[in-house]
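What follows is the residue order along each chain.
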Amino acid sequence: MKKLTIVGAGGYGKVVADIAIKNGYEYITFVDDNPLIKDCYGFPVVGTLKDLKNNDTDIVVAIGNATFREKIMKSVTKDRLVSLAHPNSVIAEDVTIGPGTIIMAGAVINPGVKIGCGCIVNTSSSIDHDCLIEDFVHVAVGAHIAGTCFIGKKTWIGAGAILSNNTSIISDVTIGAGTVVIKDIKEPGIYVGVPAERIEKEDCANMKNSDINKKSERELNI
Ligand SMILES: CC(C)(COP(=O)(O)OP(=O)(O)OC[C@H]1O[C@@H](n2cnc3c(N)ncnc32)[C@H](O)[C@@H]1OP(=O)(O)O)[C@@H](O)C(=O)NCCC(=O)NCCS
């Protein structure tokens, strides 16, 4: 029997559970550090992160924040992490996908694409030929990445954003919803608008601030 534990019993966890069912998982449970959450999508929350060590299921981390996702994934045995793709996603034969990456319904990933671990390729997004997507990137719902783009680690591409072909974005960047990126982004930060421009704000979406990282370690008990 295929068994899966999903870390994070929120909205993202629910979507992952549905994809897991469609991938033949028959035994699905959640862990979540919020004691008030008892179940998700009809499946029980059986404990907290610490309880992951007490079973031998496959694991997926369904936490939207890239910093949290990375920390949790690094705390579990690598060979238990699986990647999942919705059966109604379209993935070319030679695409490589790292462990812990989730491909959602309607996503299209074309030939030559390489996707790292812990990424989210969200509903109805597309990644065209020969793109390189590093670890813990989130391509949000309806975002479109044209051919031969590079997206650095933990960068977040907002809903409906567009990357023009051959553009590169370094790590730890947040691209706002509906933004159009037409040239390389070489400095971390938040970029919005058409064409994309940087706004002067602390990037809470990526939580790259070291104090927040320390706090997250404490809160996550890892
Ligand atoms: C970019 C984003 C992260 C910024 O959030 P924030 O740090 O809270 O910033 P604020 O809402 O305070 O906005 C700051 C300024 O940027 C502007 N702005 C914010 N998001 C924008 C966007 N997507 N496009 C254009 N302008 C935007 C605001 O109007 C505001 O302008 P002002 O200072 O002239 O009033 C957020 O607006 C966003 O787009 N999130 C994407 C959500 C998403 O895609 N979710 C997908 C889930 S799958």
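These numbers come from a predicted model, not from an experiment.

A. Inspection of the state of the cysteines at higher detail. The tally for this structure, following the rule as stated, stands at 0 disulfides. Between Cys 149, a cysteine without a disulfide, and Cys 131, which holds the nearest cysteine sulfur, the sulfur-to-sulfur distance is 4.7 Å.

B. Region of the structure containing the sheet that holds strand E8 (residues 96–97). Spatially, 5 strands are ordered E8-E11-E14-E17-E20 in an open sheet, and the strand pairing comes out parallel. The sheet terminates laterally at E8 and strand E20 (168–169), the two strands that pair on one side only. Where strand E17 (residues 150–151) lies against E20, 2 bridges are found, and the strand directions are parallel. Bridged to Ile 151 within E20 is Ile 169.

C. Structural context of the site of the ligand. Around the ligand, a shell composed of 14 residues is seen, among which Gly 158, Ala 159, Gly 176, Ala 177 and Lys 201 lie nearest. Take Ala 159: an N or O atom from its main chain is 2.6 Å from an oxygen atom of the ligand. Protein coverage of the free-state accessible area of the ligand, which is 910 Å², stands at 46%. Counted by class, the shell around the ligand contains 8 nonpolar, 5 polar and 1 charged residues.

D. Up close: the nonpolar core. Counting 28 residues, the largest nonpolar core has Ile 115, Ile 127, Ile 145, Ile 157 and Ile 175 as the members making the most contacts within it. Not counting residues up to four positions away in its chain, the partners in contact with Ile 145 are Ser 126, Ile 127, Asp 128, Cys 131, Val 139, Ile 151, Ile 157 and Leu 163. Within the second largest apolar cluster, 21 residues are counted, among which are Ala 9, Cys 40, Val 60 and Val 82.

E. Local environment of the packing of aromatic side chains. Enumeration according to the criterion identifies 0 aromatic pairs in this entry. Sitting above the plane of the Tyr 25 ring, Lys 2 keeps its charged end 4.6 Å from the centroid. Sitting above the plane of the Tyr 27 ring, Lys 3 keeps its charged end 5.7 Å from the centroid.

F. The arrangement of the sheet that holds strand E18 (residues 156–157) in detail. One open sheet holds the 8 strands; their spatial order is E6-E9-E12-E15-E18-E21-E23-E24, and the pairing between them is mixed. Each edge of the open sheet is held by one strand with a lone partner, namely strand E6 (84–85) and strand E24 (197–199). Note that strand E15 (residues 138–139) and E18 share 2 bridges and pair parallel. Pairing of Val 139 across the sheet is with Ile 157, part of E18.

G. Expanded view of the pattern of salt bridges. Evaluation of the coordinates by the stated rule reveals 5 salt bridges. The salt bridge involving Glu 187 is made with Arg 198; its shortest N-O contact spans 2.8 Å. Pair noted here: Glu 187 is in the loop between strand E22 (180–181) and strand E23 (189–192) and Arg 198 is in strand E24, with a separation of 11 residues, a long-range link. For Glu 187, a relative accessible area of 47% corresponds to the partly exposed category. Look at Arg 198 and you get partly exposed, because its relative accessible area is 36%. Counted as one network, the salt bridges with shared partners bring together Glu 70, Lys 74, Lys 153 and Lys 154.

Criteria and thresholds
Residues numbered from 1 in each chain as written. Predicted model: local features only at pLDDT ≥ 70, side-chain atom pairs only at ≥ 80, totals over all residues. Heavy atoms only, no water. Disulfide = S-S within 2.5 Å. Pairing = 2+ DSSP bridges. Helix = DSSP H or I, 4+ residues; strand = E, 2+ residues; numbered from the N terminus. Near = heavy atom within 4 Å. Polar contact = N/O pair within 3.5 Å; in protein donor to acceptor, adjacent residues only side chain to side chain. Areas by Shrake-Rupley, 256 points an atom, 1.4 Å probe, with all protein chains shown as cover. Nonpolar A, V, L, I, M, F, W, Y, C, P; charged D, E, K, R; others polar. Core = buried A, V, L, I, M, F, W, Y, C linked by side-chain atoms within 4.5 Å. Buried < 20%, exposed > 50% of the residue type's maximum accessible area, 1.4 Å probe, protein only. Contact = heavy atoms within 4.5 Å. Phe/Tyr/Trp six-rings, centres within 6.5 Å; stacked < 30°, edge-to-face > 60°. Lys NZ or Arg CZ within 6 Å of the ring centre and 35° of its normal. Salt bridge = Lys/Arg side-chain N within 4 Å of Asp/Glu carboxyl O.

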